[in-house]
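Breakdown of the fold
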Amino acid sequence: MFYSLRKAAAAFVCLGLFSLSAGAQTCLTNNQTGTHDGYYYSFWKDSGNVTFCLHPGGRYTSQWSNINNWVGGKGWNPGGRRTVTYSGTFNPNGNSYLTLYGWTTNPLVEYYIVDSWGSWRPPGSGFLGTVTSDGGTYDVYRTQRVNQPSIIGNATFYQYWSVRQQKRVGGTITTGNHFDGWAAYGLNLGTHNYMVMATEGYQSSGSSDITLGGGGSSSSSGGGSSSSSGGGGSKSFTVRARGTAGGESITLRVNNQNVQTWTLGTGMQNYTASTTLSGGITVAYTNDSGNRDVQVDYIVVNGQTRQSEAQSYNTGLYANGRCGGGGNSEWMHCNGAIGYGNTP
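Residues numbered from 1 in each chain as written. Predicted model: local features only at pLDDT ≥ 70, side-chain atom pairs only at ≥ 80, totals over all residues. Heavy atoms only, no water.

1. Structural notes on the overall build of the protein chain
Applicable threshold: Secondary structure is summarised from DSSP: a helix means a run of H or I of at least four residues, a strand means a run of E of at least two, and numbering begins at the N terminus for each. Residue exposure (1.4 Å probe, protein chains only): buried if accessible area is under 20% of the type maximum, exposed if over 50%, otherwise partly exposed. Pairs of residues are marked as contacts when any of their non-hydrogen atoms sit within 4.5 Å. Areas reported here follow the Shrake-Rupley algorithm with a probe of radius 1.4 Å; residue values treat only the protein chains shown as occluding.
Secondary structure summary: the protein chain contains 2 helices and 25 strands in total. Considering the protein chain as a whole, with its 344 residues, one finds that 51% of them fall into the buried category. Contacts in the protein chain between residues far apart in sequence, at least 24 positions, make up 66% of those at least 6 positions apart. Carbon together with sulfur atoms contributes 43% to the accessible area of the protein chain, which is approximately 12,900 Å² in total.

Listed below in C-alpha cells is the structure:
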C-alpha cells in the first residue's frame, strides 16, 4: 500500500503555509503547502526526481522518475461536500494513482476517491460494498493505519476508499454522494481538513497535467458528513422486523440522524416512518442483552424493497467469532446496524 500520503500529511504539519501569487508557473523543489491563485496546494517527496509546477487557476503539472514516494495536488482547505470537476492527463509507469484525497478530525479519517491508477489498484482489502455516482460505480473499502503519521502526528485511524471500477481521467466527483454512501456502511466523517485532487507516485515514473474546474462548488456549509444532501421532500420507510425475545429496540437512521425508534415483538411486523432527511440509511439494534436478537427481513424506501441479506454492511451480525464478523444477513445478534444504501 502506498505510504506517501500519510507521511506527507505528517510532514505538512511541521511546515508553514506559503502564499504564492498568480501569474507565471511556479515549480516547487521543497516539501510545501500553501495557497496559489485561490487554491490550496500540497507537495511532498522523499527521494528521486519530481517536477511539480503550479499554474494559474486550478491547474498543476507533474513529472517524476526514479522516485521512491511523492504526492502533490491542488484543492481546498477545508474540503467538504463539493461538486468537483477536473480534466487533464495522467500517465503513470508503475505504481501511481489519481485521487481526490482528504482528511477529517473527530474522528480522524484519511479518505480517497480514486478515479485512476497505474500497475496497482488500491487498497487491496477491506471491501464493504459499492457507491454509484457521476456515471460510474465505485468499490468502497475501509482500512486501518496503526500508530502512523497523520495530520495530528502519529495516530491510529481509519482510511475510507471509493475506487472507481472503470478508470477515467476527468469528469465530476460529487463528494457528498461518497460521504453519504460511506455513512450507509457505518463510515462516518468528522470536521473537514484539506482536500486535494492529487497525483501520487510510488517507486515509479510518470507525468500528469490536471486542472480543477469552477473552484469546486460547495453543496453545504458544514464540515462533517452529517449534512443532508439532495433528494428534497418526504421519504417513506417501512421496516419489517422482529425480535427473538421481545423488547428489542431498533432505530431507523438517515444520514446518521435518528428518524424513529421501535420496540419489537416476537412476530414479524411492519414499522413505518417518514423523513425529509437524505443520505445513508441504517437500521440499528441498540439494546442487546441476554437472549435478545433482531431479525430485519427488509426495508422499503419510497416503494423500493431492499433485502437485508443483500447488504454487505452488518456490524450486528455475530460471525467468524466476533460481532460484526460478516454481512449479507437478516440477523443482528449484537448492538450494531445494517446499512441499506442511500435515499432516492
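Structure shown, so let's carry the discussion forward.
2. Focus on the environment of Lys74
This is how the line gets drawn: Polar contact is the term for a pair of N or O atoms within 3.5 Å; when the atoms are in protein, one must be able to donate a hydrogen and the other to accept it, and sequence-neighboring residues count only if both atoms are side-chain atoms.
Structurally, Lys74 can be placed in strand β7 (residues 69–76). Spatially, the C-alpha atom of Lys74 lies 6.6 Å from that of Ser42, the residues being 32 residues apart in sequence. One polar contact links Lys74 to His36, side chain to side chain, over a distance of 2.9 Å.

3. What about the pairing of strand β20 (residues 294–301)?
Regular strands place side chains that alternate from one sheet face to the opposite one. For clarity, the threshold we go by: When DSSP finds at least two bridges between two strands, those strands are taken to pair.
Where burial is concerned, most of β20 is hidden: 7 out of the 8 residues are buried. Where strand β15 (residues 235–243) meets β20, 7 bridges bridge the pair, whose relative direction is antiparallel. Within β20, the position partnered with Thr238 by the bridge is Val300. Direction of pairing for β20 relative to strand β24 (residues 331–332): antiparallel, over a ladder of 2 bridges. What sits directly across from Val294, in β24, is Met332. As paired elements, β20 and strand β21 (residues 304–307) share 4 bridges and run antiparallel to each other. Bridging across to β21, Ile299 finds its partner in Arg306. In textbook terms, the turn of a hairpin is the stretch between consecutive antiparallel strands, and for β20 and β21 this stretch comprises 2 residues, one of which, Asn302, has a positive phi near 50°.

4. Focus on the nonpolar core
Just so we agree on the cut-off: Nonpolar cores are built from buried Ala, Val, Leu, Ile, Met, Phe, Trp, Tyr and Cys residues. Side-chain atoms within 4.5 Å join them into one set.
By size, the foremost hydrophobic cluster in this structure holds 36 residues, and its most contacted members are Phe52, Trp182 and Met197. Among the elements that take part in this core, strand β8 (residues 82–105) stands out by supplying 5 residues, more than any other. Discounting residues that sit within four places of it in the chain, Phe52 has contacts with Thr26, Cys27, Leu28, Ser42, Phe43, Tyr60, Thr61, Ser62, Trp70, Gly72 and Gly73. Ranked by size, the runner-up nonpolar core spans 21 residues in total, among them Ile281, Val296, Ile299 and Val301.

5. Quick notes on the layout of surface pockets
Rule in force here: Grid points spaced at 1 Å over the protein atoms alone were grouped into cavities, where a 1.4 Å probe fits but cannot get out, and pockets, open sets with protein on both sides within 12 Å along at least five of seven lines, with lining residues defined by an atom within 4 Å of a point. Grid points are joined across faces, edges and corners, and a volume is the space filled by probe spheres set on the points.
Its volume calculated, the largest pocket comes out at about 300 Å³. Forming the walls of the largest pocket are 16 residues, and the residues nearest its centre are Leu128, Arg142, Tyr313, Thr315 and Gly324. Its boundaries defined by the atoms lining it, the second largest pocket holds a volume of some 160 Å³. Secondary-structure elements contributing two or more residues to the lining of the second largest pocket are α2 (175–184), β19 (280–285) and β25 (336–342).

6. Observations regarding the pattern of salt bridges
What counts, and what does not: For this analysis, a salt bridge means a side-chain nitrogen from Lys or Arg found within 4 Å of a carboxyl oxygen belonging to Asp or Glu.
Under the definition given, this model contains 4 salt bridges. A salt bridge links Arg168 to Asp115, with the nearest nitrogen and oxygen atoms 2.7 Å apart. Of this pair, Arg168 sits in the loop between β12 (155–164) and β13 (171–174) while Asp115 sits in strand β9 (residues 109–117), and the two are 53 residues apart along the sequence. With a relative accessible area of 14%, Arg168 lands in the buried category. Given the relative accessible area of 0%, Asp115 is considered buried. Close ionic contact of Asp139 with Arg121 constitutes a salt bridge, the shortest N to O distance being 2.9 Å. Of the two residues, Asp139 is situated in strand β11 (residues 136–148) and Arg121 in the loop between β9 and β10 (127–133); the sequence distance between them amounts to 18 residues.

7. Focus on the sheet that holds β25
The strands that make up a sheet pair up through hydrogen bonds in the backbone, lying either parallel or antiparallel. Defined as follows: Convention adopted: a line fitted to C-alpha atoms gives each axis, helices being fitted over their contacting stretch, and angles between N-to-C directions are expressed from 0 to 180 degrees.
Reading across from one edge, β17-β16-β19-β25 is the order of the 4 strands in this open sheet, with antiparallel pairing throughout. Each of the sheet's edge strands pairs with one partner strand only, and the pair in question is β17 (257–263) and β25. The sheet shows a mean angle of 20° between the axes of neighbouring strands, direction not considered. The pairing of β19 with β25 spans 5 bridges and is classified as antiparallel. Looking at the pairing, Tyr285 lines up with Gly336 of β25. Sheet strands touched by α2: β19 and β25. Its angle to β25, the strand with the most contacts, is close to 150°.

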